[in-house]
Amino acid sequence: MNDLTEKTLRTKTIFEGKIINVHVKDVLLPNGKESKREVVDHPGAVAVIAKTDDDKYLFVRQFRKPLEKTIIEIPAGKLEKNEDPKETAKRELYEETGYIADTLEYVISFYTSPGFANEIIHLYEASHLKTGKPHTEEDEFVEVLKLSLEEAKAYIKTKDIIDAKTLYAIQYLELKS
């Protein structure tokens, strides 16, 4: 196989934010020529497939500013510095839905947009849930929904579920059944 590696020659940070940093990297291509790559650094995130005792799944309905619309997603959130993804999954499930999982199993990790970002999402499956009250952050507004797999698939058709992590989770559940 050919070596397709691009060697980074220089990096210029053009933005440092609360969640992401953006860099422009000068790279040496496999053919010996130089090019530029715009790269978004992200701390990573978790997402949780949470199954209730009545065979429904927890979703959150939330406005997403980059899309300028409200969508339905599985509970998710970003990793804090040096935080174990499993602990993040527990925290995010509780904060967004109020539920605590007795069982939390790792499913898979995947990259959201490897062409320009290094964000990785760690997907977990939660079961044996205990109910409580959501404790969202002060700038986070969500509505908790309990949906069957069929209801979730209907929201794909209406384009209320359109994000990759939720679509991946639904496909995972479909293949699992």
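Up top you'll find the structure we're talking about.
Residues numbered from 1 in each chain as written. Predicted model: local features only at pLDDT ≥ 70, side-chain atom pairs only at ≥ 80, totals over all residues. Heavy atoms only, no water.

What is the right way to look at the side chain of E92 in this model?
In this structure, E92 sits in helix α1 (residues 85-97). For E92, a relative accessible area of 4% translates into the label buried. Once residues lying within four places of it in the same chain are set aside, the contact partners of E92 are V46, A76, G77, K78 and T97. (Helix = DSSP H or I, 4+ residues; strand = E, 2+ residues; numbered from the N terminus. Buried < 20%, exposed > 50% of the residue type's maximum accessible area, 1.4 Å probe, protein only. Contact = heavy atoms within 4.5 Å.)

Help me understand the packing of aromatic side chains, please; the structure alone is not making it clear to me.
By the definition in use, this model includes two aromatic pairs. Seen from their ring centres, Y106 and Y124 are 5.7 Å apart, and the 70 degrees between their planes marks the pair as edge-to-face. With Y106 in strand β8 (residues 100-111) and Y124 in strand β9 (residues 120-130), this pair connects stretches of sequence that are 18 residues apart. The buried category is assigned to Y124, whose relative accessible area is 6%. Ring centres of F110 and Y168 lie 4.7 Å apart, and the angle between their planes is 15 degrees; this geometry places the pair in the stacked category. (Phe/Tyr/Trp six-rings, centres within 6.5 Å; stacked < 30°, edge-to-face > 60°.)

Is there a simple way to explain the nonpolar core in this structure?
Most often, soluble globular proteins keep nonpolar side chains buried together rather than apart. Judged by nonpolar contacts, the single largest core of 19 residues is most densely connected at I49, F59 and I74. When residues of this core are traced back to their parent elements, those giving at least two are β4 (45-50), β5 (57-64), β9, β10 (142-147), α2 (149-157) and α3 (164-176). Once you skip the residues sitting within four places of it in the chain, I49 turns out to touch Y57, I74, L123, Y124, E125, A126, A169, Y172 and L173. Listed in part, the 12 residues of the second largest apolar core include L58, L79, L93 and A126. (Core = buried A, V, L, I, M, F, W, Y, C linked by side-chain atoms within 4.5 Å.)

Could you clarify how one ought to interpret unusual backbone geometry in this entry?
Glycine aside, residues mostly have negative phi angles, and peptide bonds mostly take the trans form. A positive phi angle is found at N82, which is not glycine, with a value near 60 degrees. Among the structural elements, N82 can be located in the loop between β7 (76-78) and α1. The exposure class assigned to N82 is exposed, which follows from its relative accessible area of 75%. Positive phi outside glycine occurs at K159, with the angle close to 65 degrees. Note that K159 resides in the loop between α2 and α3. Overall, K159 belongs to the exposed group, its relative accessible area being 54%.

Sorry, what's going on with the side chain of K165 here?
For K165, the position within the fold is in helix α3. Overall, the relative accessible area of 11% leaves K165 in the buried class. Of the polar contacts made by the side chain of K165, one reaches the side chain of E73; its length is 2.5 Å. Side-chain polar atoms of K165 contact the side chain of D163, separated by 2.7 Å. (Polar contact = N/O pair within 3.5 Å; in protein donor to acceptor, adjacent residues only side chain to side chain.)

How do you make sense of the pairing of strand β6 (residues 69-73) when you look at a structure like this?
Two faces belong to every sheet, and in a regular strand the side chains alternate between them. Where β5 and β6 come together, five bridges link them in antiparallel fashion. What sits directly across from V60, in β6, is E73. Counting the residues in the hairpin turn of β5 and β6 gives four residues, including E68, whose phi is positive at 55 degrees. (Pairing = 2+ DSSP bridges.)

For this particular structure, what's the right way to read the pattern of salt bridges?
Two side chains of opposite charge can pair, provided their charged atoms sit close to one another. Counted according to the given criterion, the structure contains 21 salt bridges. Among the ionic pairs, E68 bridges to K65, the shortest N-O distance being 2.7 Å. The exposure class of E68 is partly exposed, given its relative accessible area of 48%. Overall, K65 belongs to the exposed group, its relative accessible area being 54%. E83 serves as the salt-bridge partner of R91, at 2.7 Å between the closest nitrogen and oxygen. Members of the salt-bridge network, linked through shared partners, are R10, D26, E34 and K36. (Salt bridge = Lys/Arg side-chain N within 4 Å of Asp/Glu carboxyl O.)

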